[in-house]
Amino acid sequence: MSPRLKQSTGPQFSRILGIGAERGANVVTNDDIAGPIDSSDEWIRQRTGIITRRRADPGTDVVDLSVAAALKAISAAGIGAAEIDAVIVSTVTYFHQTPSAAALVADRIGATPAAAFDISAACAGYSYGIGQADALVRSGTARHVLVVGAEKMSDFIDPTDRSISFLLGDGAGAAVVGPSDTPGIGPTIWGSDGSKAQTIRQTHAWSDLKENPELGWPTLRQEGQPVFKWASFQMPKIAQEALDAAGVTADDIQVFLPHQANMRIIDQFVKQLKLPDTVVVGRDIADTGNTSAASIPLAAERLLREGQASSGDVALQIGFGAGLVYAAQVVVLP
Amino acid sequence: MAHTAEDVLAGLAEIVAEETGLPADSVTSEKSFTDDLDIDSLSMMTIVTHAEDKFGVTIPDDEVKNLTTVGDAVNFITGAQA
């Protein structure tokens, strides 16, 4: 007779125990970047709501940004780094195929031998990571999971590109997810649509450079109008599904944390979801720019730090981007 | 039931007024979305989406660039209903 296997089981609930953030060291104004795209401060503000974006120093990479954010999150969580037993880094701007950024981050923060892996879910990466961390904790596979969304988008842009480069900034946001006595992370509503992969894309594959070195460094492009339409009118339906799945309504939440893609998209979310005026909306994009996987935790950290949001507040968060991919969940803020 | 061109123009004018704050009666067939009504590409996508919902038609992304005037949009929507 075959032996009967044991399977792991975990705590009934999980929650975010602490959040940390690290923004690129340099403030880059619209005037700083408007020249090569024949644009202006006024045009960029009107189209995107961005006043400045934060960009990191040349010698700083996503691992550096991740480590800084992670240490703050671990400190805020009130645990030791050695208690982290899984590290998930979401990034599209770590320029090594292998090893993962997560393994290096785990080591540098003192979490070795934590399980460590990267995920590629672009601007939805943080919400993907929170969904995975929630599942890992509640299954008993890990007790404390560090989720990091980290990007150095400034290494992935073309200063003459008018489609997306001018939006982008650098930073990392981190969260520690662990066991909880009460529900702290609602069901994750997630998905993808690879038929629209071309709407946000890398100009060419790294492997193309082997044959055609003259292609130069790949950078990012987007088709602004279709992406705006998808984000502004399809994604609020996903956000609503996350509210429904968590058993709450727009009137029950205190905070809304959309991916910081564009202020115009954020405004559409607020309209489509009919959020009451009492809901505090993350609008970190104005000063930080679009930092892809980092944008949601950066927005959360700012609201908590500035006292606009408080520990225990219920927040709806949604990430969406290249893939196309999306993920949303309702969380209790630490 | 198919909407008449007059219905579509009136409905479209309401959508444009909501998006831009312009009076609905200033949204007439010959007006250019960009040059006369000062509607940028993102606002145009908002108007297109609301028009799709209101009139039960699909306006493909590739088609939007061909809708220069309000009348172009009215013609496309009335044609797409047929």
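The written sequence of each chain sets the order in which its residues are numbered from 1. Think of it this way: whatever chain is written first is A, whatever ligand is written first is 1, and the rest follow in order. It should be noted that, the model being predicted, local features are given only for residues of pLDDT at least 70 and side-chain atom pairs only at 80 or more, the latter also being counted only at that level, while totals for whole chains, interfaces and linings use all residues. Heavy atoms throughout the structure, all of them, feed into the side-chain values; hydrogens and water do not.

### Points about the environment of Leu333 of chain A
Residues and elements named next belong to chain A. For helices the rule is a DSSP run of H or I covering at least 4 residues; for strands it is a run of E covering at least 2, with both sets numbered from the N terminus onward. Checked against the element boundaries, Leu333 lands in the segment after strand 14 (325-332). The class of Leu333 is buried, set by a relative accessible area of 4%. Taking the C-alpha atoms as reference points, Leu333 and Val255, separated by 78 residues in sequence, lie 9.0 Å from one another. For each residue, the accessible area found with a 1.4 Å probe, counting protein chains only, is set against the maximum for its type, and the residue is called buried under 20%, exposed over 50%, and partly exposed in between.

### Observations concerning the UniProt feature "domain: Beta-ketoacyl-[acyl-carrier-protein] synthase III C-terminal" (unreviewed entry) in chain A
UniProt positions are given in the numbering used here, feature names are shortened, and annotations may be inferred rather than shown by experiment. UniProt records the feature "domain: Beta-ketoacyl-[acyl-carrier-protein] synthase III C-terminal" (unreviewed entry) for residues 243-331 of chain A in the present numbering. In residues 243-331 of chain A, the share of helix is 33% and the share of strand is 24%. The end C-alpha atoms are 10 Å apart.

### Regarding the sheet that holds strand 8 (residues 189-192) of chain A
Residues and elements named next belong to chain A. Following DSSP output, two strands are said to pair if at least two bridges run between them. In spatial order, the strands read 8-14-13-11-12; together these five strands make up an open sheet with mixed pairing. Single-partner strands in this sheet number two, and they are strand 8 and strand 12 (280-281). With four bridges connecting them, strand 8 and strand 14 associate as antiparallel partners. Note that in strand 14 the partner of Ile189 across the bridge is Ala328. In the packing of helix 7 (residues 224-246) onto the sheet, contacts are made with strand 8, strand 13 (314-321) and strand 14, and the angle to strand 14 comes to roughly 40°. Lying on the sheet, helix 8 (residues 263-272) is in contact with strand 11 (255-258), strand 12 and strand 13; it crosses strand 13 at an angle near 130°. Every residue pair with non-hydrogen atoms within 4.5 Å of one another is taken to be in contact. Fitted lines through C-alpha atoms serve as axes, helices being fitted only where they are in contact, and the angles separating the N-to-C directions of these axes extend from 0 to 180 degrees.

### Some words on unusual backbone geometry
Here the bond from Thr98 of chain A into Pro99 of chain A is cis, since omega is -5°, no more than 30 degrees from zero. Inspection of the secondary structure puts Pro99 of chain A in the loop between strand 4 (86-90) and helix 4 (101-109). Leu324 of chain A follows Gly323 of chain A through a cis peptide bond whose omega is -10°. With respect to the helices, strands and loops of the structure, Leu324 of chain A is situated in the loop between strand 13 and strand 14. Located in the positive-phi region is Lys274 of chain A, a residue other than glycine, with phi close to 50°. Residue position: Lys274 of chain A is located in the loop between helix 8 and strand 12. For Asp38 of chain B, which is not a glycine, the phi torsion comes out positive at approximately 60°. According to the relative accessible area criterion, Asp38 of chain B is exposed, its value standing at 69%.

### Some details on the UniProt feature "domain: Carrier" (unreviewed entry) in chain B
Taking the UniProt record as the reference, the feature "domain: Carrier" (unreviewed entry) is found at residues 6-81 of chain B. Note that residues 6-81 of chain B is 61% helix and 0% strand, and that its end C-alpha atoms are spaced 14 Å apart.

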